[in-house]
Amino acid sequence: MKTLFVDCSCGVSGDMLLAGLLDLGVPIDVINTPLSLLGLDTSYSLEVTESKSFSLRGLKVLVKDKELSKKYSRWIDIRKLIKDSSLKTSLKKNILKVFEILANAEASVHGVHVNQVHFHEISSIDSIVDITGVCSAIDYLQIQSFYCNNPPAGSGVVETQHGLMPVPVPAVLELAKNHNIKLISDNNVLGELTTPTGLALLIVLADFIDNPFTFDIDSIGIGLGHRNIGRPNLLRILLLKEDRIGSLQKSCPGIILQQVVLHQAWIDDSTPEDLACLTNQLNEHGAIDVVSYPICMKKGRIGVCLTSISSLEDAEKVRNIWFSFSTTIGLRENVEWRWILPRRTGICSTRFGEVLAKQVRRPDGKLTLKIEHDELARISLEQSMSIEEVRQKIILNLDTFLSDEDWSC
C-alpha cells in the first residue's frame, strides 16, 4: 500500500489534479470508463498534451464540451445523474460528496437553497469530467494515505460571470471556512491560484492536510495550469512508498497522533529555586509539560532529571530557554510520538455559578467533562467544602457546557 502527496503550493484546480494523475501513470481508460457509465462518452473529448511552464515539463488537460450545452449545470441534475448510474458505490460516494460541498458553498455565497444551485463558473461537462476523473484515478491507485499541503490563497481579482470577483473567490473562502482549511497568503502572484473544484477535491479525498513524515518517492506526476502567472504554474503529485505513521493514524479514528520534541538534562549544580524558575520559563515559552525527578549522578551527587515536552513549532524557543535559564551545558533532544484525544475548553453552568471545564471526545464518540482544579479549589474555599464534595455536587448538577474554542490537540 502506498501514500499520495499532492504538493499544491503553486495552486490547485480540477484539471491540474487530473493532469498530474495522468502524468503519474494512471491509464486514460480509468478516466473515460466511469464517464461512459454516466452516459457522457459522446458529450466531451479529453485533450492531453505534454507542455512546459517556465521550462518545467508536465501534462496539460483540456476538456472540450462536444454538445455545447448546460444540461448538467444544476446540482440537482448532476446528483440524479450520478445516483442513477452504475458506478461502484465507493466512487459514486466520493463524486457526490465533492459536488455536495461545492453546492453547499455556492448556496451559502448566493443565499439560495442548495437545490437551486447552478455551477455558472464551470462548464457542466468540464466539472463532471474533472471531478469524476480525479475520484476515479484515486480509486484506481488504491492508496493507503492521502496527504496535501495548504493551498495558496492567490490575490487580486478574477473575471467571472458575475463580474470582477476578489481572490480568493467567495466559494473558495466558504469551503475553507466550512472545512477548516488554512489558505496560504501569496501576494506575489495576481489571480486565482486555488479553484473551488480543486479545493473541494482535496477536502473530500485527502486524509491529512499536512506533509508526509517521510518522502520515499516511487514516482512523480506534474499537472500544468493554463494561465501564465509569472512563475511555474504547476501541481506536483508524489506517489510514495508505505507510510507506517499514516497507517497507524487511520487505524485509530478519533485519536490524534502527534509529533513532539523531548528535551532533557541532568542537573546537579542548581538550587531548587533556580529549577523552579527554569520550569516556569519553559512553560511560558511553549512547553506542553515539564517534569522532574531526583537522580544520583557522578561522584554520588544527588541531581535532578528535568524533561520538557513541546511541539515541533515551539522546539527552538524551548531549546533557547534551556540554555538561557539553566546551568546545563548540554541538552538531549528527541522527536517522539504521542496519542492524544481531541479536547476543548468552555464554561459549565452549575449551582455554584459558571466554572471553567474541559470537554474530551473519546474514541467511541462519547464526551466527558473535567472541571478545572483551580475552579474546584476556589469553590471549596468559598463554600467551606472539601474539593471532592464540590466535585460531586457539580457533576450531579451540570446544566450546560458552552465551548469557547474548536476541538484541538
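A short tour of the structure in this document, coming up. Being a predicted model, the structure only gives us computed values, none of them experimental. (Residues numbered from 1 in each chain as written. Predicted model: local features only at pLDDT ≥ 70, side-chain atom pairs only at ≥ 80, totals over all residues. Heavy atoms only, no water.)

**Focus: the sheet that holds strand S12 (residues 302-311)**
Put simply, the test is: Should DSSP find at least two bridges between two strands, the strands are taken to pair. Numbering of helices and strands runs from the N terminus; a helix is a DSSP stretch of H or I covering at least four residues, while a strand is a stretch of E covering at least two. Only C-alpha atoms enter the line fits that serve as axes; for helices the fit covers just the stretch in contact. Angles between N-to-C directions range over 0 to 180 degrees.
A sheet is described by the order of its strands in space; here 4 strands give the open sequence S11-S12-S10-S13, paired in antiparallel fashion. Each edge of the open sheet is held by one strand with a lone partner, namely strand S11 (287-296) and strand S13 (332-340). The average angle at which neighbouring strand axes cross in this sheet is 25 degrees, direction not considered. Here 9 bridges tie S11 to S12, and the two strands are oriented antiparallel to one another.

**As for the packing of aromatic side chains**
So the rule is basically this: Under the pairing criterion, centres of Phe, Tyr and Trp rings, with the six-membered ring standing for Trp, must be within 6.5 Å; the plane angle then separates stacked pairs below 30 degrees from edge-to-face pairs above 60, leaving the rest tilted. When a residue's accessible area, from a 1.4 Å probe over protein chains only, is under 20% of the maximum for its type it is buried; when over 50% it is exposed; and in between it is partly exposed. Should the NZ of a Lys or the CZ of an Arg lie within 6 Å of a ring centre and within 35 degrees of the ring normal, that charge is described as sitting over the ring.
Per the stated rule, a full pass over the model turns up 3 aromatic pairs. Here the aromatic rings of Trp 75 and Phe 99 are separated by 6.5 Å at their centres, their planes lie at 20 degrees, and the arrangement is stacked. Pair noted here: Trp 75 is in helix H3 (residues 75-83) and Phe 99 is in helix H4 (residues 89-110), with a separation of 24 residues, a long-range link. The exposure class assigned to Trp 75 is buried, which follows from its relative accessible area of 4%. The ring of Trp 266 is capped by Arg 332, whose NZ or CZ atom sits 4.6 Å from the centre of that ring.

**Details of the side chain of Asp 15**
Just so we agree on the cut-off: When charges are counted, Lys and Arg are positive and Asp and Glu negative, with His and the chain ends excluded. The term salt bridge refers to a side-chain nitrogen of Lys or Arg lying within 4 Å of a carboxyl oxygen of Asp or Glu. Any pair of N or O atoms that falls within 3.5 Å is considered a polar contact. Within protein, one atom must be able to donate a hydrogen and the other to accept it, and sequence-neighbouring residues count only if both atoms are side-chain atoms. Whether two residues touch is decided by their heavy atoms; if any such pair falls within 4.5 Å, the residues are in contact.
Note on placement: Asp 15 falls in helix H1 (residues 14-24). No salt bridge is formed by the buried Asp 15; its nearest oppositely charged neighbour, Lys 60, is found at 8.4 Å. A polar contact of 3.5 Å, which involves the side chain of Asp 15, links it to the side chain of His 226. Once residues within four sequence positions are removed from consideration, Asp 15 is found in contact with Val 61, Asp 130, Leu 224 and His 226.

**Concerning the nonpolar core**
Generally speaking, soluble globular proteins have nonpolar side chains that are buried together. Threshold: Here, nonpolar core refers to any group of buried Ala, Val, Leu, Ile, Met, Phe, Trp, Tyr and Cys residues whose side-chain atoms link them within 4.5 Å.
Ranked by size, the top nonpolar core spans 69 residues in total, and within it Leu 4, Val 6, Leu 21, Phe 99, Ile 128 and Phe 146 carry the most contacts. If one sorts the elements of this core by residue count, H4 sits on top with 10 residues. For Phe 99, the contacting residues outside a window of four places in its chain are Trp 75, Ile 78, Ile 82, Phe 119, Ser 127, Ile 128 and Ile 131.

**Some points on the side chain of Thr 328**
One can find Thr 328 in the loop between helix H10 (315-325) and S13. Excluding anything up to four places from it in sequence, Thr 328 contacts Ala 265, Ile 267, Trp 322 and Phe 323.

**Here we look at the sheet that holds strand S14 (residues 343-350)**
One open sheet accounts for 4 strands, arranged S16-S15-S14-S17; its pairing is antiparallel. Bordering the open sheet on either side are strand S16 (367-371) and strand S17 (400-403), each of which pairs with just one other strand. Neighbour-to-neighbour, the strand axes of the sheet open up by a mean angle of 40 degrees, direction not taken into account. Strand contacts of helix H11 (residues 373-383): strand S15 (353-361) and S16, with the helix running at about 150 degrees to S15, the strand carrying the most contacts.

**As for empty space enclosed by the protein**
For clarity, the threshold we go by: A cavity, in this analysis, means grid points on a 1 Å lattice covering only the protein atoms where a 1.4 Å probe fits yet has no way out; a pocket is instead an open set bounded by protein on both sides within 12 Å along at least five of seven lines, and a residue lines either one if it has an atom within 4 Å of a point. Grid points are joined across faces, edges and corners, and a volume is the space filled by probe spheres set on the points. The classification used treats Ala, Val, Leu, Ile, Met, Phe, Trp, Tyr, Cys and Pro as nonpolar, Asp, Glu, Lys and Arg as charged, and all other residues, Gly among them, as polar.
Tallied over the full model, the rule gives 1 cavity of 30 Å³ or more. Space inside the largest cavity adds up to approximately 40 Å³. If you go around the largest cavity, the residues you meet are Val 6, Leu 17, Leu 21, Val 134, Ile 138, Phe 146, Leu 201, Leu 202, Leu 205 and Ile 237. Elements represented by at least two residues in the lining of the largest cavity include exactly H1, helix H5 (124-141) and helix H7 (196-205). Take the lining of the largest cavity: its biggest share by element is 3 residues, from H7. Of the residues belonging to the lining of the largest cavity, the class tally is 10 nonpolar, no polar and no charged.

**A closer look at the pattern of salt bridges**
Under the defined criterion, the tally for this structure stands at 16 salt bridges. Its salt-bridge partner being Arg 236, residue Asp 7 comes within 2.6 Å of it at the nearest N-O pair. You can see Asp 7 sitting in strand S1 (residues 3-7) and its partner Arg 236 sitting in strand S9 (residues 234-240), a full 229 residues away along the chain. Of the residues examined, Asp 7 reaches a relative accessible area of 9% and is grouped as buried.

**A look at unusual backbone geometry**
Note the cis peptide between Val 167 and Pro 168, where omega equals 0 degrees. You can see Pro 168 is positioned in the loop between strand S6 (163-166) and helix H6 (170-178).

**Describing the pairing of S16**
Relative to S16, S15 is paired through 5 bridges, and the arrangement is antiparallel. Paired with Val 360 across the two strands is Thr 368, which belongs to S16. Hairpin remark: S15 followed by S16, antiparallel, with 5 residues in the connecting loop; positive phi at Gly 365, about 95 degrees.

**Focus on helix H9 (residues 272-284)**
Counting along an α-helix, one turn takes 3.6 residues, and residues three or four places apart therefore face a common direction. So the rule is basically this: For a helix, the expected span equals 1.5 Å multiplied by the number of residues minus one. Relevant arc is that of directions from the helix axis to the C-beta atoms, nothing else.
A rise of 1.5 Å per residue sets the reference length of H9, with its 13 residues, at 18 Å; its end C-alpha atoms lie 18 Å apart and thus fit the reference within 8%. For H9, the complete set of buried residues consists of Leu 275, Leu 278, Gln 281 and Leu 282. In a view along the axis of H9, the buried residues occupy a sector of 120 degrees, so they form one face of it. Set apart from the buried face of H9 by more than 90 degrees, the exposed residues are Pro 272, Glu 273 and Glu 284. Where H9 is buried, its residues contact strand S10 (256-267), S11, S12 and H10.

**Details of the packing of H5 against H7**
Convention followed: Should an angle fall under 35 degrees it is called roughly parallel, over 145 degrees roughly antiparallel, and 65 to 115 degrees roughly perpendicular, with every other angle called oblique. We call a crossing left-handed when the near helix sits turned anticlockwise from the far one by less than a right angle, and right-handed when that turn is clockwise.
Two elements in contact, H5 and H7, have axes separated by 11 Å at closest approach and are oriented at 30 degrees. Here H5 is positioned roughly parallel relative to H7, judged by the angle of their axes. Crossing hand, H5 versus H7: right-handed. When H5 is examined against H7, the residues Ile 131, Val 134, Cys 135 and Ile 138 are found in contact with a partner set consisting of Thr 197, Leu 201 and Leu 205. The residue makeup of the contact of H5 with H7, split by class, is 6 nonpolar, 1 polar and no charged.

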